[in-house]
Amino acid sequence: MNKKWFAIVPAVALVAAPLPMQHASASDDQMVQATDEQNEYENVLNIAPEHQPTLTQGSTGMYGNEVDFVQFTISQAGFETEVDGVFGPNTDEQVKAFQAEHGLIADGIVGINTWVALFSEYDDAQFPVETAIHYAEEELQNDDLIFSSDGVLREDSEGNHFYSLKAQSQDLIDSGGSGTVGFYNVYKNGDVVEADPQS
């Protein structure tokens, strides 16, 4: 599987202790909007994919906003459809495109595998890698470091989401070394934990 690494050069104060990371910081408005969206879809997000209703063209869902959630999430993923709660022909086509993009059977049926992909896509959008780098920067404060991530949102054994970040020293790179000085797991709740490199 090809991994893409996002390299980001931080700009904070150099401290001899741990290593900081940089991000393209999200504005307060974006944070509030993300919280509002999460509250709006809380009833959907609190139900495991295997217990979600199967949705097809013409479906409305069990709680009234499952179709809205599907439309919102696939739109965030680049498959634009109006978020109107109506699983019509356009939503059907966009669901099929989303499924194809995620290696699923492109049948327009939102079953368990599509729900899993939708939840993953929603989590990615709510917690982008730039936010993880920002959290690490805030926590660790260091001006010499370059931070990178493969952009994969991981989940630990307790269901907590995190990104693995690699920290490299610009000074060490300039001196001819690899520059790698550490690895951190940065969690959605803002925790920054020293870690082994992800394989």
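As the structure is a computational prediction, the values presented were derived from the model and not from experiment.

Caption draft 1: Structural detail: the overall build of the protein chain. Across its full length, the protein chain holds seven helices and six strands. Counting from the amino terminus, helix and strand elements in the protein chain follow one another as β-α-α-α-α-α-α-β-β-β-α-β-β. Taken across its 199 residues, the protein chain has 42% of its residues classed as buried. For the protein chain, long-range pairs separated by at least 24 residues make up 56% of all intrachain contacts whose partners lie at least 6 apart in sequence. When the accessible surface of the protein chain is totalled, it reaches about 10600 Å², and 47% of it is carbon and sulfur.

Caption draft 2: Structural context of the packing of helix H3 (residues 66-76) against helix H4 (residues 89-101). Contact geometry for H3 and H4: axes closest at 10 Å, N-to-C directions at 55°. With respect to each other, H3 and H4 are oriented oblique. Viewed along their axes, H3 and H4 form a crossing whose handedness is left-handed. When H3 is examined against H4, the residues Val70, Gln71 and Ile74 are found in contact with a partner set consisting of Thr91, Gln94, Val95 and Phe98.

Caption draft 3: Main features of the side chain of serine 149. Here serine 149 is to be found in strand E2 (residues 145-149). Looking at serine 149, its side chain comes within polar contact range of the main-chain nitrogen of glycine 151, at 2.9 Å. At a separation of 3.3 Å, a polar atom in the side chain of serine 149 contacts the main-chain carbonyl oxygen of serine 164.

Caption draft 4: Examining the nonpolar core more closely. Core analysis: the largest hydrophobic core is formed by 18 residues, its most contacted members being Leu55, Phe69, Val70, Ile74, Val110, Trp115 and Leu118. In this structure, leucine 55 is in contact with Gly61, Glu66, Val67, Val70, Phe87, Gly108, Ile109, Val110 and Trp115, ignoring residues within four places of it in sequence. With 15 residues, the next largest nonpolar core counts Ile133, Leu145, Ala167 and Val186 among its residues.

Caption draft 5: Just the packing of H3 against helix H5 (residues 112-126), in detail. Contact geometry of H3 with H5 gives a least axis separation of 9 Å together with a crossing angle of 60°. Between H3 and H5, the angle is such that the two are oblique. Two packed elements cross with a definite hand, and for H3 against H5 that hand is left-handed. In contact with Glu66, Phe69, Val70, Phe72, Thr73, Ile74 and Gln76 of H3, H5 contributes Trp115, Leu118, Phe119, Glu121, Tyr122, Ala125 and Gln126. Of the residues assigned to the contact of H3 with H5, the class counts are nine nonpolar, three polar and two charged.

Caption draft 6: Representation of the pattern of salt bridges within the structure. Using the criterion set out here, one finds four salt bridges in the structure. For the salt bridge of aspartate 123 with lysine 188, the shortest nitrogen-to-oxygen distance reads 3.4 Å. Of this pair, aspartate 123 sits in helix H5 while lysine 188 sits in the loop between strand E5 (180-187) and strand E6 (192-194), and the two are 65 residues apart along the sequence. Note that arginine 154 and aspartate 150 form a salt bridge whose closest N and O atoms lie 2.8 Å from each other. No difference in accessibility class separates arginine 154 from aspartate 150, as the two residues are buried. Look at the salt bridges and you will find they share partners, linking Asp92, Glu93 and Lys96 into a network.

Procedures and definitions
- Residues numbered from 1 in each chain as written.
- Predicted model: local features only at pLDDT ≥ 70, side-chain atom pairs only at ≥ 80, totals over all residues.
- Heavy atoms only, no water.
- Helix = DSSP H or I, 4+ residues; strand = E, 2+ residues; numbered from the N terminus.
- Buried < 20%, exposed > 50% of the residue type's maximum accessible area, 1.4 Å probe, protein only.
- Contact = heavy atoms within 4.5 Å.
- Areas by Shrake-Rupley, 256 points an atom, 1.4 Å probe, with all protein chains shown as cover.
- Axes fitted to C-alpha atoms, helices over the stretch in contact; angles between N-to-C directions.
- Parallel < 35°, antiparallel > 145°, perpendicular 65-115°, else oblique.
- Left-handed = near helix turned anticlockwise from the far one by under 90°.
- Polar contact = N/O pair within 3.5 Å; in protein donor to acceptor, adjacent residues only side chain to side chain.
- Core = buried A, V, L, I, M, F, W, Y, C linked by side-chain atoms within 4.5 Å.
- Nonpolar A, V, L, I, M, F, W, Y, C, P; charged D, E, K, R; others polar.
- Salt bridge = Lys/Arg side-chain N within 4 Å of Asp/Glu carboxyl O.

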